[in-house]
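One letter stands for each residue in the lines below.
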Protein chains: 2
Amino acid sequence: MTPFKLTDELLAEIQQLIENRQNDSLRSLMEEVHYADVAEIIDELHEDQATYLIKLLDSEKTSDVLTELDEDVREAILGNLSSQEIAGELAELDTDDAADIVAELPKEIVQEVISKISDREHARDIVDLLRYDENSAGGLMAKELVKVYDHWTVLTCVKEMRQQAENVTRVHSIYVVNDQGILIGRLSLKDLLTASTRSPIRDIYISHVDSVNVNEKPEEVARIMSKYDLEAIPVVDEIGRLVGRITIDDIVDVIREEADRDYQMAAGISQDVEADDSIWDLTRARLPWLFLGLIGGLGAAAIMGGFEEMIARHAILFFFTPLIAAMAGNVGVQSSAIIVQGLVNDDLKGSVGNRLIKEMLLALLNGVILAVGLLVFTWIWKGSFPTALAISISLIAVIVVAGVIGTFTPLFLHKRGIDPAIATGPFITTSNDIFGILIYFWIARFVLGI
Amino acid sequence: MTPFKLTDELLAEIQQLIENRQNDSLRSLMEEVHYADVAEIIDELHEDQATYLIKLLDSEKTSDVLTELDEDVREAILGNLSSQEIAGELAELDTDDAADIVAELPKEIVQEVISKISDREHARDIVDLLRYDENSAGGLMAKELVKVYDHWTVLTCVKEMRQQAENVTRVHSIYVVNDQGILIGRLSLKDLLTASTRSPIRDIYISHVDSVNVNEKPEEVARIMSKYDLEAIPVVDEIGRLVGRITIDDIVDVIREEADRDYQMAAGISQDVEADDSIWDLTRARLPWLFLGLIGGLGAAAIMGGFEEMIARHAILFFFTPLIAAMAGNVGVQSSAIIVQGLVNDDLKGSVGNRLIKEMLLALLNGVILAVGLLVFTWIWKGSFPTALAISISLIAVIVVAGVIGTFTPLFLHKRGIDPAIATGPFITTSNDIFGILIYFWIARFVLGI
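What you see is a predicted model; the values in this text were computed from it and never measured.

### Notes on the pairing of strand E2 (residues 173-177) of chain B
Residues and elements named next belong to chain B.
- Most of E2 is tucked away: five of the five residues are buried.
- Residues Ser173, Tyr175 and Val177 point to one face of E2 and Ile174 and Val176 to the other, with burial holding for every one of them.
- By the bridge criterion, four bridges tie strand E1 (residues 146-149) to E2 in an arrangement that is parallel. If you follow Val146 over to E2, its bridge partner there is Ile174.

Next up, the structure:
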């Protein structure tokens, strides 16, 4: 396939067509464009142009476009649509996407919008989904699924399924429930393709079926689905009744968002921002950690002030402060990142004690290798063995301490129920800077006998 | 579902059963355990125990277990199996997973193993897949798919499909090809469920079908599939012939691995390691960037040596070196991380020039806010306005330069075809440390008139 590319020329052409109200040309131009690409176009248009285009196109397409838009663009466009128009869009969407949009609408118009959805079952499903926490399996799931009763025969099943399948974009599995609606098994479409039509479902269904509870965290659902290579998983309530289904495309989004968040945390960005957000949004996301860095820097300055006398006699020690601080920061980030990744992927085994011992040995090994190089180089460069020795011994000590802090902090936060990813960024760098400098000057004072 | 949890007790029980050769108990214990969980167990066993368990269990299960094992564990176990036994495992796997395993086998046994796969078509498909670069769509795809010719009728199609479906774990789409094998469209299973059996395929297929070229990069395939919410995508060769299919579960792995790699790069870890790898592996992954940090630190020391005279008179300036270096590093990482993420998610718009101007304004805003705080605090603390002013002005300059370097470097690397993620870790921190310190002392000298 030739990937779609939104060029400046294409954008200008579309804007021109909108300004000239050339509706037929617009419609035929957009017909060939995938909804995800239409969303890219809309994100770039002015609000009134975007609204015009959304109103012009068929809601079968624009409903999907709406789900793909940036949140602020969507909010602006929905603000320009009538309750009737919004209801028309919701009617075309799967219940999970529709519920996500309803949750963003101003409170005062929700009831009116819902009342205008003509398919009452669809409306009821959307309202049901509103009750679930966004950050749970219930908040991810859709009501669209294919469900059969165990007392049906394959014949009834196929007949009923044809009807149900009309509303389901992708049939993954056929879920089997008992009279109480409790999930008891599944049928694969393949089984159905190859099975005889006369057998009762009770005799042919597979009684093992993976499912998640409505209250499960999205990250855990993602872990289960990717570990077990599932493309869809049924969601059950507290007593085991089938209430919805989560599909892998939603999970791909969860995985991407989780990875983005961890990455941003490691980089010291405290909110979910993108390069194209406003300068104010970016400042709000970046300033808190920079402020923490500033406090840390002032702490380091205060510590160094306490060693002023030593510095007067051995000014050279000062030249190596940035080196020591940088190494402490780097080691801390490395070791915490490995732990955070282990926690995210759930593949950390063994006790905290063993892990700290391993990290100490590892840091010691790295530290000794680096310190020997530093010792030889500094001795030759500066000509003073005691100074070179003091700096090198400090380096080893600082690396070991930084490694231990970097290992312990995320494990501790995780145990306390705090997202350990927070520990990889400026937090660990800053605290390791301070500890590193303190250790450095202590050891230097001791070795040089000042 | 109750998630599987590998406890020490369970592990001990399994090891006991293996030692006592209680085969029936082992088999029945393992029957209920998902292959992904069996792999977790095997990863923890000694090599001879693991081999024993693999040989004991049915290859229908163990083949899937093998694909989930850590690479070194798999290598060890395969080394203990005969060519016949390995062929038996490969026979049970989908072609993509089988080809991945064959690619890991020692060269000298590959031919023998392949010759012992009894299903010759399966063997041929595996050999075909070996030709593709691991880092391409061809290296990801499987040969299992459901393909129909446009000159068939729905009746022929359903009959043929039943047979083809036997070999395909999950039927997503039915691909339609012409006489030359060129992909021309698709049929959805749902269409088939609801369509009449008499129409010819030519009249009912959907002529629009997304596909990727065999040479496409996995990251690009992942981007396309997640942008367009696809669960499977057909792969075509240079002249458009249908040669394979990629499913979303493989893409989930690509996305996870890509995110892990970017995260590790940002944290200064240069190879794909896990917390449970050996100390040597971890050292190899961590030492290169630490060494870079060491070089950078020595550079900083050399720079500071050049300002020795100034330092003698204004020792206080030295106290703020770690603060300046840390801020430069933090700002650099923040701005580069946002750019790298924008590049990965392909949502950067506008020119490089505009982006640099925006980052400069942003850094200026952050810098001024932080500098005002620093100025007031340092003035009160140290009592010298000129010194406080020199430090604060330097901070602004350093933050702006760090932001520009952090923005420019990943954009530059990306343009040169180098993975920009490399620019987020110690690389940017180290270079910003050096630039930051240099700028700091220059400005201090200028402001203080030394």
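### A look at the sheet that holds strand E5 (residues 232-236) of chain A
Residues and elements named next belong to chain A.
- As summarised here, the arrangement of the three strands in space is E4-E5-E6, forming an open sheet in which the pairing is mixed. Edge positions in the sheet fall to strand E4 (212-213) and strand E6 (242-247), since each of these pairs with one other strand and no more.
- Where E4 lies against E5, two bridges are found, and the strand directions are parallel. Across the sheet, the residue bridging to Val212 is Val235, located in E5.
- On top of the sheet, helix H15 (residues 218-227) reaches E4, E5 and E6; it is set at about 135° to E5, its chief contact.

### Describing the confidence of the model for chain A
- Per-residue confidence for chain A gives a mean pLDDT of 87, with 96% of residues at or over 70.
- Taken element by element, the predicted model of chain A shows its lowest mean pLDDT in helix H13 (residues 189-194) of chain A (68) and its highest in E4(A) (95).

### Some words on the relation of the copies chain A and chain B
- Here chain A sits on chain B after a turn of 180° about the axis and a move of 0.0 Å along it, with an RMSD of 0.1 Å. Put plainly, the chains are arranged around a two-fold axis.
- By residue overlap, the copies meet face to face through one surface: 100% of the interface positions of chain A are interface positions in chain B.

### A word on the pairing of strand E3 (residues 183-188) of chain B
Residues and elements named next belong to chain B.
- Judged from the five bridges that link them, E2 and E3 form a sheet pairing that is antiparallel. Of the residues in E3, the one forming a bridge with Val177 is Leu183.
- A loop of five residues connects E2 with E3, the two strands running antiparallel in sequence, and Gly181 in this loop sits at a positive phi of about 80°.

### What about the sheet that holds strand E5 (residues 232-236) of chain B?
Residue and element names in this part refer to chain B.
- Spatially, the three strands line up as an open sheet ordered E4-E5-E6, and their pairing is mixed. In this open sheet, the two edge strands, each paired with only one partner strand, are strand E4 (212-213) and strand E6 (242-247).
- Note that E5 and E6 share five bridges and pair antiparallel. Counterpart to Val235 in the pairing with E6 is Gly244.
- Its contacts with the sheet place helix H15 (residues 218-227) against E4, E5 and E6, and it is angled at close to 135° to E5.

### Considering the packing of helix H21 (residues 352-382) of chain A against helix H17 (residues 279-305) of chain B
- Running from N to C, H21(A) and H17(B) point in directions that differ by 35°, and their axes come no closer than 10 Å. H17(B) is crossed by H21(A), and the crossing has right-handed handedness. From H21(A), A:Lys358, A:Glu359, A:Leu361, A:Leu362, A:Leu365, A:Asn366, A:Ile369, A:Leu370, A:Leu374, A:Phe377 and A:Trp381 reach across to H17(B), where they touch B:Ile279, B:Trp280, B:Leu282, B:Thr283, B:Arg286, B:Leu287, B:Leu290, B:Phe291, B:Leu294, B:Leu298, B:Ala301 and B:Ala302.
- Residue composition of the contact of H21(A) with H17(B), by class: 18 nonpolar, two polar and three charged.

About the cut-offs
Residues take numbers from 1 onward in each chain, read along the sequence in its written order. By the order in which they are written, chains take letters starting at A while ligands take numbers starting at 1. In keeping with the predicted nature of the model, local features appear solely for residues at pLDDT of at least 70, side-chain atom pairs appear and are counted solely at 80 or more, and the whole-chain, interface and lining totals rest on all residues. Excluded from the side-chain calculation are hydrogens and water; included are all heavy atoms of the structure. Only protein chains enter the accessibility calculation, which uses a 1.4 Å probe; a residue whose area is less than 20% of its type maximum is buried, one above 50% is exposed, and one in between is partly exposed. Helix and strand definitions here come from DSSP, where helices need a minimum of 4 consecutive H or I residues and strands a minimum of 2 consecutive E residues; each element is numbered from the N-terminal end. DSSP-based pairing: two strands are paired if at least 2 bridges between them are found. We call two residues in contact whenever any of their non-hydrogen atoms come within 4.5 Å of each other. Whenever a helix is involved, its axis is fitted only over the stretch in contact; in every case the axis is a line through C-alpha atoms, and angles between N-to-C directions fall within 0 to 180 degrees. As a per-residue measure, pLDDT reflects the predictor's confidence and takes values from 0 up to 100. When the copies are superposed, the least-squares fit takes in the C-alpha atoms of residues with a pLDDT of at least 70 in both. Each crossing gets its hand from how the near helix is turned against the far one by less than a right angle, where anticlockwise is left-handed and clockwise is right-handed. Under the grouping applied here, Gly and all other residues not named as nonpolar or charged are polar, the nonpolar ones being Ala, Val, Leu, Ile, Met, Phe, Trp, Tyr, Cys and Pro and the charged ones Asp, Glu, Lys and Arg.

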